[in-house]
Amino acid sequence: MYAVFKRELFSLLNSLMAYITIGVFLLASGLLLWFFPDTSILEYGYAELSSFFNLAPFLFLFLIPAITMRSFAEERREGTYILLATRPVTDWQIILAKYLACFVLVLFALIPTLIYFYSVSQLALPKGNIDTGATIGSYIGLLLLGASFLSVGIFASSITKNQVVAFAIAVFLCFIAYSGFDAMSQIFGFRAIENILLSLSVNEHYQSISRGVLDTRDLIYFLSFIAVFLGLTKLVIGGRKW
């Protein structure tokens, strides 16, 4: 499994697409956070990163599918998965190795954003006057959100040979999971249905963790979400004659 993980990670790091997507993510978040008046922290006037954590999920909607779209789609298109499947590794080990390699790349994309926290902390009056607990909770929520989107992207890549199609499917599914249930909850007038739909919404649990309180219900939700889509990926690649 480690060999597959290392192979996948080095493959991602050697591809221009990974650097382009991470660069676009950092550039877009930086511009939105510091330069555009409507979303700028400097215009907001409060020492907090809530605007970044509100914008990051929408950037993730495109960043993460761009990272995961090649995971299985490229293997299928080039016919290299047959060679990988003949190695002494199980389907789960292959899936988890690819998943963890993509997760490390997302982690690399988030690490430079810690400079935002440092900058806001230094700009605050007095210095250091920033809610550290809420910021840490928001970063944990963002990591869990990214991990959830990665599982969707891995699944989307497993069902098609075309990377562009895998990207489009992943973006659509991530958008539905993040915003779709919230929108549908507003359509139905029944309170019970509204509560059920909100409980299925990724955004609802992400906002809950972003308040700085780690609720076990939110953690169980994200872990279950990841497990479901990785399980679907296992069904797809396990039941296919490559």
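Criteria and cut-off values
- Residues numbered from 1 in each chain as written.
- Predicted model: local features only at pLDDT ≥ 70, side-chain atom pairs only at ≥ 80, totals over all residues.
- Heavy atoms only, no water.
- Core = buried A, V, L, I, M, F, W, Y, C linked by side-chain atoms within 4.5 Å.
- Buried < 20%, exposed > 50% of the residue type's maximum accessible area, 1.4 Å probe, protein only.
- Helix = DSSP H or I, 4+ residues; strand = E, 2+ residues; numbered from the N terminus.
- Contact = heavy atoms within 4.5 Å.
- Axes fitted to C-alpha atoms, helices over the stretch in contact; angles between N-to-C directions.
- Parallel < 35°, antiparallel > 145°, perpendicular 65-115°, else oblique.
- Left-handed = near helix turned anticlockwise from the far one by under 90°.
- Patch = residues over 30% accessible without salt bridge, like charges linked within 9 Å, V, L, I, M, F, W, Y side chains within 5 Å.
- Areas by Shrake-Rupley, 256 points an atom, 1.4 Å probe, with all protein chains shown as cover.
- Salt bridge = Lys/Arg side-chain N within 4 Å of Asp/Glu carboxyl O.

Caption draft 1: View of the nonpolar core. Ranked by size, the top nonpolar core spans 60 residues in total, and within it Phe52, Phe60, Leu142, Leu145, Phe149 and Val202 carry the most contacts. It is helix H7 (residues 91–110) that contributes the most residues to this core, 11 residues altogether. If sequence neighbours within four positions are ignored, Phe52 has contacts with Ser29, Leu33, Thr113, Tyr116, Tyr139 and Leu142.

Caption draft 2: View of the packing of helix H2 (residues 16–34) against helix H4 (residues 50–68). Look at H2 against H4: their axes get within 10 Å of each other, and the N-to-C directions meet at 165°. Comparing their axes, H4 and H2 come out roughly antiparallel. In this structure, the crossing between H2 and H4 has a hand that is right-handed. Two secondary-structure elements touch here, H2 through Met17, Thr21, Ile22, Phe25, Ala28, Ser29, Leu32 and Leu33 and H4 through Ser51, Phe52, Leu55, Leu59, Phe60, Leu63, Ala66 and Ile67.

Caption draft 3: Summary view of a nonpolar patch on the surface. Side chains of Met1, Trp92, Leu96 and Leu100 sit close together on the surface and give an oily, nonpolar patch of about 310 Å² of accessible area. Along the chain, the position of Leu100 falls in helix H7. Of the residues examined, Leu100 reaches a relative accessible area of 37% and is grouped as partly exposed.

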